[in-house]
Amino acid sequence: MALRCFMRNLSILPKRMLRPNNVNCRIFSTTSPLTNKKQIEVTFLKADGERLKVKANVGDTLLDVVVNNNVDLEGFGACEGTLTCSTCHLIFTQKDYDQLPDKPTDEELDMLDLAYELSDTSRLGCQIILSESMEGLEVKVPASIHDVRAE
Ligand code: FES
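The name an unreviewed UniProt entry gives the protein chain is 2Fe-2S ferredoxin-type domain-containing protein, with Photinus pyralis as the organism. Regarding the protein chain, the relevant UniProt record gives this comment under Subcellular location (unreviewed entry): "Mitochondrion". In its Sequence similarities (unreviewed entry) section, UniProt records this for the protein chain: "Belongs to the adrenodoxin/putidaredoxin family."

S.K.: I keep staring at the sheet that holds strand β5 (residues 137-140) and nothing clicks. Help me out?
M.R.: The strands making up a sheet associate through backbone hydrogen bonding, with each pair oriented either parallel or antiparallel. The sheet built from 5 strands is open, its strands ordered β2-β1-β5-β3-β4 with mixed pairing. Strands with a single pairing partner mark the edges of an open sheet, and in this sheet they are β2 (51-57) and β4 (122-124). Sheet twist, expressed as the mean angle between neighbouring strand axes with direction ignored, is 40 degrees. Taken together, the 3 bridges between strand β3 (residues 89-92) and β4 define a ladder with antiparallel strand orientation. The partner of Leu90 across the bridge, within β4, is Arg123.

S.K.: I would appreciate a short explanation of empty space enclosed by the protein in the present structure.
M.R.: Vacant regions in the atomic arrangement are exposed by a probe of water-molecule size rolled over the atoms. Applying the stated criterion to the full structure yields 1 cavity of 30 Å³ or more. If you go around the largest cavity, the residues you meet are Leu100, Pro101, Asp102, Arg123, Gln127, Ile128 and Ile129.

S.K.: Can you walk me through the environment of Val54 in this structure?
M.R.: Structurally, Val54 is set in strand β2. Remark: the alpha-carbon pair of Val54 and Asn69, spanning 15 residues in sequence, is separated by 7.0 Å. Those residues in contact with Val54, other than ones at most four positions away along the chain, are Ile40, Glu41, Val42, Phe44, Val65, Asn69 and Val71.

S.K.: Looking at this structure, how should I read the layout of surface pockets?
M.R.: Reported here for the largest pocket is a volume of approximately 150 Å³. Along the walls of the largest pocket sit Lys46, Ala47, Asp48, Asp72, Leu73, Glu74, Val141, Pro142, Ala143, Ser144 and Ile145, which together make up its complete lining.

About the cut-offs
Residues numbered from 1 in each chain as written. Predicted model: local features only at pLDDT ≥ 70, side-chain atom pairs only at ≥ 80, totals over all residues. Heavy atoms only, no water. UniProt positions renumbered as here; feature names shortened; annotations may be inferred. Pairing = 2+ DSSP bridges. Helix = DSSP H or I, 4+ residues; strand = E, 2+ residues; numbered from the N terminus. Axes fitted to C-alpha atoms, helices over the stretch in contact; angles between N-to-C directions. 1 Å grid on protein atoms, 1.4 Å probe; cavity = no way out; pocket = protein on both sides within 12 Å on 5 of 7 lines; lining within 4 Å. Points joined across faces, edges and corners; volume = space filled by probe spheres on them. Contact = heavy atoms within 4.5 Å.

Dropping the structure here:
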């Protein structure tokens, strides 16, 4: 139906191919409107003390948040979330770390072992999916990144 509506509006088609105006055309979408996405506030604390506060969609990863908000973190997320770089290393407070719903997988732990400034509360941002309960999350960004693929 949508295709017919689209074609009806093409002025390059011959008149006989155009549908009459009484065709029931409806605009529909299979996804939820963007306005229905719940958002929370996330802050990235850079090593130089700069605080980057952004709005983030629930259901996105912290890597998505950085990309979608153009957060200025040099080299962050180089492998685009394929668990092969460790450039998305972030450090959580102990409280926030303990409340994360999922524990790191063996693959994430292997990548974390190669990250600089590793701590007991380190995680990879591409593996952290935001939930509403993470409102106000603050994560520390290490001073330097280590792209494992560059070796
Ligand atoms: S973006 Fe590369 S490991 Fe997360």
